[in-house]
Amino acid sequence: MSDKKAQTRERILKAASDALIQRGPAEPSVGEVMGAAGLTVGGFYAHFESKDALMLEAFKQLLNRRRGLIADMDGELTGEERRALVAAFYLSRKHRDCTEQACPIPASVGELGRLPEAFREVLNEHIELMVAQLAASPEDADKALADIALMVGGLALARALGPGELSDRLLRAAKSAVR
């Protein structure tokens, strides 16, 4: 793939990622994504076979980046310390209000049942890998799984409420429950 084609593909993926974070993988149209990338729809199929293929790749990239942030954490931390640090960021006003590079799961989870199976497979793999990153031992895995569910659900509700006192309270309450 030429450098120019690779750069164009990355612009499309960036635009798709931004749309996915905001509205999930099903709603944004190809035209909308291409327009956000500064391109016309006509060039889309030179880069992706379908809208689902584009959104799946964007979803994978976003989830890989999230795990990369956790992988960069101090390896000496216990599972509980690691989860508390993740929760401190994940359940923050800054992350709730973030429009770029935020977690795509809250905007996507409600749609995954209506999308191709590959989306659920990617999410399944991501959750398994996150549990491995956040659990200090196999015995700690269910606690890590519960904390992931609490963080995603808490962030989804806080985003749905929008900025405000109830949303802030919800973030604080969910953060304090992660352990």
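Reading guide: rules and limits
Residues numbered from 1 in each chain as written. Predicted model: local features only at pLDDT ≥ 70, side-chain atom pairs only at ≥ 80, totals over all residues. Heavy atoms only, no water. Helix = DSSP H or I, 4+ residues; strand = E, 2+ residues; numbered from the N terminus. Rg over C-alpha atoms; globule rule 2.2 N^0.38 Å. Buried < 20%, exposed > 50% of the residue type's maximum accessible area, 1.4 Å probe, protein only. UniProt positions renumbered as here; feature names shortened; annotations may be inferred. Phe/Tyr/Trp six-rings, centres within 6.5 Å; stacked < 30°, edge-to-face > 60°.

In the nomenclature of an unreviewed UniProt entry, the protein chain is known as TetR/AcrR family transcriptional regulator of Pseudomonas beijingensis.

Draft legend 1. View of the overall build of the protein chain. Secondary structure assignment for the protein chain yields nine helices and zero strands. For the protein chain, the α and β elements follow one another from N to C terminus as α-α-α-α-α-α-α-α-α. Taking 16 Å as the expected radius of gyration for a compact globule of 179 residues, we find that the protein chain reaches 17 Å, a close match to that expectation. Judged by the C-alpha coordinates and their principal axes, the protein chain covers about 50 × 35 × 30 Å. The buried share among the 179 residues of the protein chain stands at 44%.

Draft legend 2. Structural detail: the UniProt feature "domain: HTH tetR-type" (unreviewed entry) in the protein chain. Taking the numbering used here, the UniProt-annotated feature "domain: HTH tetR-type" (unreviewed entry) corresponds to residues 6-66. For residues 6-66, helix accounts for 67% and strand for 0%, while the C-alpha atoms at its two ends are 23 Å apart.

Draft legend 3. How the structure looks around the packing of aromatic side chains. Within the structure shown, the criterion is met by three aromatic pairs. For the pair Phe 44 and Tyr 45, a centre-to-centre distance of 4.8 Å together with 90° between the ring planes defines the contact as edge-to-face. Since its relative accessible area comes to 55%, Tyr 45 is described here as exposed. Three or more aromatic residues joined by ring pairs make a cluster, and in this case those are Phe 44, Tyr 45 and Phe 48.

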